[in-house]
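Below, each chain spelled out in residue letters.
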Amino acid sequence: MLIRRRHGWEIAQSRATPEGATPEAAGLGRRALLGAAAASLIAPAALARAAFAATTPALPSFPGPMSAPVNPRFVPGRAITPAKDVYTYNNYYEFGSEKDIWEAAQALPLKPWSIRIDGLVAKKQTIGLEDLLKRVTLEERLYRHRCVEAWALTIPWTGFPLRALLAIAEPLASAKYVVFHTIEDRRAMPGLREVWYPWPYTEGLTIAEAANDVAFIATGLYGKPLTPQNGGPIRLVVPWKYGFKSAKAIVQVTFSEKRPVTFWEAVDGSEYGFWANVNPAVPHPRWSQARERLIGFDEVVPTQIYNGYGEWVASLYTGIKGQQLFR
Amino acid sequence: MLLVAAFAIATLEPPDMPLGSFLYSIDADLLNLLQAGIQRHLTPWLWDRVMVPVLIRPAWLLPAAAGLLCAGGAATLAMASNNPRSTRRWRS
């Protein structure tokens, strides 16, 4: 007789993939879901919210002021990391290179907050965060997060698809890249005293990457507003790439014809390049990327190519030759 | 040597260039490794309170200060070796 004993970190299969979690199980076709997603971009916010709610099965979302329907397409396949670990284990060099910067990060004022959209766009604009949130439909996504340092988290983000921000920005056809700039607040961020680094923190994606289904802008986590140490009030989330690609505390989004030199690429491009897609077969020069340590659980698991999001993103890179796609 | 290095840095680089920027221009990854090593494996205090204040000073200052200290030490040693070992011996 086989007695299956659950570990403390395991969640019931029914919670990880509850009945009706997939569009098919919920009686929905792929087209219906895509149609609802498209509607959310072009219809007024209220209409889109109603459409999304109608197509969203009853997945449990985290309660709180930022609570939103869970997008059932992205099932993490492993337990959500305990909130205390996500709140207290952070990489954020503007506050220091150690992991427990969460207290120092509270000095960053999150209100008022606005984002400048410029570069190759139809109309340069500055949008207040509250106004921006009125123009998008919030949803919750349960994403795996893989740090280049071979540790991982699983996080319930609240936010909206990056594609929705592109629709608001209206980039010109000549724009090939979208560049994200983190706030540079010298009073709140002691790390900025290290003037030799190429501040402000800058990250970039191709327009095709940014328009991908998985690319996400987060404004909350665990149903609550995004905390300063986690990149609040607004950050990028691109879970198929190593974590440093997901720029925090965004204050400027620039559309460019030229590929930007990103922050870590400037510091050491051979270790932290522009593409930085997760690949267990391509080691970091100083450590293996084959496995990852799950923060909050006493467990090490194999890493998946594109962090398991290959079905959505692998096609983005099929035509790219001679580039270091996985570092 | 240290004083020559300090003079060379002050002459060839902008005089107010921080030591950290100078080191970064030589090896961009060096300070990142050093910072991570100190903050994660020793203590953040050492980096924040000792290293950063040194690294944000002008690049020529550290070799100049070290050179002056070495020169002072060498001069003291030279004087000690030229003088009689102890004057007390003659007095007693």
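Given the structure is predicted, the values throughout are model-derived calculations rather than measurements.

1. Description of the overall build of chain B
Then, in step 1: Of the regular secondary structure elements, chain B holds six helices and zero strands.
Then, in step 2: Taking 92 residues into account, the globule formula puts the C-alpha radius of gyration at 12 Å, and chain B, at 19 Å, lies well above it.
Then, in step 3: Across its three principal axes, chain B shows a C-alpha extent of roughly 60 × 35 × 15 Å.
Then, in step 4: For chain B, the proportion of its 92 residues judged to be buried stands at 17%.

2. Things to note about the overall build of chain A
Then, in step 1: Looking only at helices and strands, one finds ten helices and twelve strands in chain A.
Then, in step 2: The burial tally for chain A puts 43% of its 327 residues in the buried class.
Then, in step 3: Here the contacts in chain A between residues at least 6 apart in sequence split such that 68% fall between residues at least 24 apart.

3. Section: the environment of Tyr-93 of chain A
Residues and elements named next belong to chain A.
Then, in step 1: Looking at where Tyr-93 falls in the secondary structure, it is placed in the loop between helix H4 (83–88) and helix H5 (102–105).
Then, in step 2: Exposure remark for Tyr-93: the 22 C-beta atoms within 10 Å place this residue in the buried category.
Then, in step 3: When the C-alpha positions of Tyr-93 and Met-189 are compared, they lie 8.8 Å apart, and in sequence the two are 96 residues distant.

4. Quick look at helix H5 (residues 61–82) of chain B
Then, in step 1: Compared with an ideal rise of 1.5 Å per residue, which puts 22 residues at 32 Å, H5 of chain B spans 31 Å between its outermost C-alpha atoms and is within 8% of the ideal.
Then, in step 2: Burial analysis of H5 of chain B places just one of its 22 residues in the buried class, a small minority of the element.

5. A word on the interface of chain B and chain A
The accessible area lost on association of the parts is a frequent measure of interface size.
Then, in step 1: Residue-level contacts link 16 residues of chain B with ten residues of chain A.
Then, in step 2: Contributing elements (two or more residues each) for the side of chain B that touches chain A: helix H2 (19–26), helix H3 (30–42) and helix H4 (44–55) of chain B.
Then, in step 3: Across the side of chain B that touches chain A, the residue classes break down as eight nonpolar, five polar and three charged.

6. Here we look at the nonpolar core
Then, in step 1: Among the nonpolar cores identified, the biggest contains 67 residues, and Phe-216, Ile-217, Ile-250 and Val-253 of chain A are the most heavily contacted of them.
Then, in step 2: With sequence-adjacent residues up to four places away left out, Ile-250 of chain A is seen in contact with Ile-115, Phe-180, His-181, Thr-182, Ile-234, Arg-235 and Leu-236 of chain A.
Then, in step 3: Of all hydrophobic cores here, the second largest spans six residues; its members include Ala-6, Ile-9, Leu-19 and Trp-60 of chain B.

7. Description of the confidence of the model for chain A
Then, in step 1: Taken residue by residue, chain A gives an average pLDDT of 86. The fraction at 70 or more is 82%.
Then, in step 2: Of the regions scoring below 50 in pLDDT, residues 1–58 of chain A engages in 55 contacts with residues more than four places distant in sequence or in other chains.

8. Some remarks on the environment of Phe-74 of chain A
Residues and elements named next belong to chain A.
Then, in step 1: Positionally, Phe-74 belongs in the loop between helix H3 (45–55) and H4.
Then, in step 2: Residues Phe-74 and Glu-140, 66 residues apart in the sequence, show an inter-C-alpha distance of 9.7 Å.
Then, in step 3: If near-sequence neighbours (up to four positions away) are discounted, Phe-74 is found in contact with Arg-141, Leu-142 and Tyr-143.

9. Notes on the sheet that holds strand S10 (residues 250–256) of chain A
Residue and element names in this part refer to chain A.
Then, in step 1: With mixed pairing, the five strands of this open sheet are ordered in space as S2-S1-S10-S5-S6. Since the sheet does not close on itself, it has two edges, and those belong to strand S2 (125–128) and strand S6 (202–206), each with one partner. For this sheet, the mean inter-axis angle between neighbouring strands, taken without regard to orientation, is 20 degrees.
Then, in step 2: The sheet contact formed by strand S1 (residues 114–119) and S10 spans four bridges and is parallel. Among the inter-strand pairings, Arg-116 is bridged to a residue of S10, identified as Gln-252.

10. Some remarks on the packing of helix H1 (residues 2–12) of chain B against H5 of chain B
Residue and element names in this part refer to chain B.
Then, in step 1: Between H1 and H5, the least distance of the axes is 7 Å, while the angle of their chain directions is 155 degrees. Between H1 and H5, the angle is such that the two are roughly antiparallel. Both H1 and H5 take part in a crossing whose hand is left-handed. Each of Leu-2, Leu-3, Ala-5, Ala-6 and Ile-9 in H1 lies in contact with H5, whose residues at this interface are Pro-63, Ala-64, Ala-66, Gly-67, Cys-70 and Ala-71.
Then, in step 2: Classifying every residue of the contact of H1 with H5 by side-chain character gives ten nonpolar, one polar and no charged.

Definitions and limits used
- Residues numbered from 1 in each chain as written.
- Chains lettered and ligands numbered in written order.
- Predicted model: local features only at pLDDT ≥ 70, side-chain atom pairs only at ≥ 80, totals over all residues.
- Helix = DSSP H or I, 4+ residues; strand = E, 2+ residues; numbered from the N terminus.
- Rg over C-alpha atoms; globule rule 2.2 N^0.38 Å.
- Buried ≥ 20, exposed ≤ 12 C-beta atoms within 10 Å, placed from the backbone.
- Contact = placed C-beta atoms within 7 Å.
- Expected span 1.5 Å × (residues − 1).
- Nonpolar A, V, L, I, M, F, W, Y, C, P; charged D, E, K, R; others polar.
- Core = buried A, V, L, I, M, F, W, Y, C linked by C-beta atoms within 7 Å.
- pLDDT = per-residue confidence, 0-100.
- Pairing = 2+ DSSP bridges.
- Axes fitted to C-alpha atoms, helices over the stretch in contact; angles between N-to-C directions.
- Parallel < 35°, antiparallel > 145°, perpendicular 65-115°, else oblique.
- Left-handed = near helix turned anticlockwise from the far one by under 90°.

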